[in-house]
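Commentary on secondary and tertiary structure
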Amino acid sequence: MELIWLLATMALLAIAIFLGNKHEKSAYAAVEKK
């Protein structure tokens, strides 16, 4: 059962990092244009 929780946590972490990175890139691009 622990393996399932570990995989679920890792998946959520990967999604959070991916979305955060996407947001940072778009925010940085908006600042660069100014």
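Refer to the structure presented above.
Now for a quick tour of the structure.

Here is what the cut-offs are and how they apply
- All residue numbers refer to positions counted from 1 along the written sequence of the respective chain.
- Under the rules for a predicted model, residues below a pLDDT of 70 receive no local features and side-chain atom pairs below 80 are neither given nor counted, while totals for whole chains, interfaces and linings still include all residues.
- The basis for the side-chain values is all heavy atoms of the structure; hydrogens and waters are excluded.
- Labels follow the DSSP assignment, with helices taken as runs of H or I lasting at least four residues and strands as runs of E lasting at least two, numbered in each case from the N terminus.
- The buried label applies to any residue whose accessible area, calculated with a 1.4 Å probe on protein chains only, is under 20% of its type's maximum; exposed applies above 50%, and partly exposed to all values in between.
- Computed with a 1.4 Å probe, the accessible areas rest on the Shrake-Rupley method; for each residue, only the protein chains presented here act as cover.
- Exposure above 30% relative accessible area and the lack of any salt bridge qualify a residue for a patch; like charges then connect within 9 Å, and the nonpolar side chains Val, Leu, Ile, Met, Phe, Trp and Tyr within 5 Å.
- One side-chain nitrogen of Lys or Arg within 4 Å of one carboxyl oxygen of Asp or Glu is enough to make a salt bridge.
- Multiplying 1.5 Å by the helix residue count minus one yields the expected span of that helix.

1. Focus: the overall build of the chain
- Along the chain, the regular secondary structure elements total one helix and zero strands.
- By its C-alpha atoms, the chain is 50 × 5 × 5 Å across when sized along the principal axes.
- Residues classed as buried in the chain amount to 0% of the 34 residues present.
- Counting only carbon and sulfur atoms, one obtains 75% of the accessible surface of the chain, whose full area is about 3500 Å².

2. So, a nonpolar patch on the surface
- The grouping of Leu3, Leu6, Leu7 and Met10 at the surface amounts to a nonpolar patch, some 430 Å² of accessible area in total.
- Assignment of secondary structure puts Leu3 in helix 1 (residues 2-33).
- Residue classification places Leu3 among the exposed positions, given a relative accessible area of 56%.

3. Side note on the environment of Val31
- Looking at the secondary structure, you find Val31 in helix 1.
- For Val31, a relative accessible area of 56% puts it in the exposed group.
- Sequence separation of Val31 and Met10 is 21 residues, and the distance between their C-alpha atoms is 31 Å.

4. Observations regarding helix 1
- With 32 residues, helix 1 should cover 46 Å at 1.5 Å per step; its first-to-last C-alpha distance of 47 Å lies within 8% of that length.
- Along helix 1, only zero of the 32 residues are buried, which leaves the element largely exposed.

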